Amino acid sequence: MAHFALQKLKIRAGVLLGLCSANEPMGYQERVFTYGSILVRVEQEKNQASKIKSKGGR
């Protein structure tokens with residue numbers, strides 16, 4: 001959820017934490033965090049969609 005908020009605000013995690021400036025390229029750890037949080041968000045959205053679909057069929 002945190003990364004989704006950062007995506008909406010267009011703020012990178014490293015910039016928010018003060019680890020780097022907005023003009024610097026992403027480091028390895030920041031890329032891993034970004035990728036992992038996107039995967040978690042996609043999985044949560046799939047679960048929500050399946051719950052909605054299963055409730056709609058009743």
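Higher on the page you've got the structure.
Residues numbered from 1 in each chain as written. Predicted model: local features only at pLDDT ≥ 70, side-chain atom pairs only at ≥ 80, totals over all residues. Heavy atoms only, no water.

Visitor: Break down the pattern of salt bridges for me, with residues and values.
Guide: One pass over the full model with this rule turns up two salt bridges. With a closest N to O distance of 3.0 Å, arginine 12 and glutamate 30 form a salt bridge. Within this pair, whereas arginine 12 is found in the loop between α1 (2–9) and α2 (13–17), its partner glutamate 30 is found in helix α3 (residues 28–56), the two being separated by 18 residues in sequence. Using a relative accessible area of 11% as the deciding quantity, one classes glutamate 30 as buried. We note a salt bridge from arginine 41 to glutamate 45, for which the minimum N-O separation is 3.1 Å. Of the two residues, arginine 41 and glutamate 45 are both situated in helix α3; the distance of four residues between them amounts to about one turn of the helix. Under the relative-accessibility criterion, arginine 41 is labelled partly exposed at 27%. (Salt bridge = Lys/Arg side-chain N within 4 Å of Asp/Glu carboxyl O. Helix = DSSP H or I, 4+ residues; strand = E, 2+ residues; numbered from the N terminus. Buried < 20%, exposed > 50% of the residue type's maximum accessible area, 1.4 Å probe, protein only.)

Nothing here speaks to function; it is geometry throughout.
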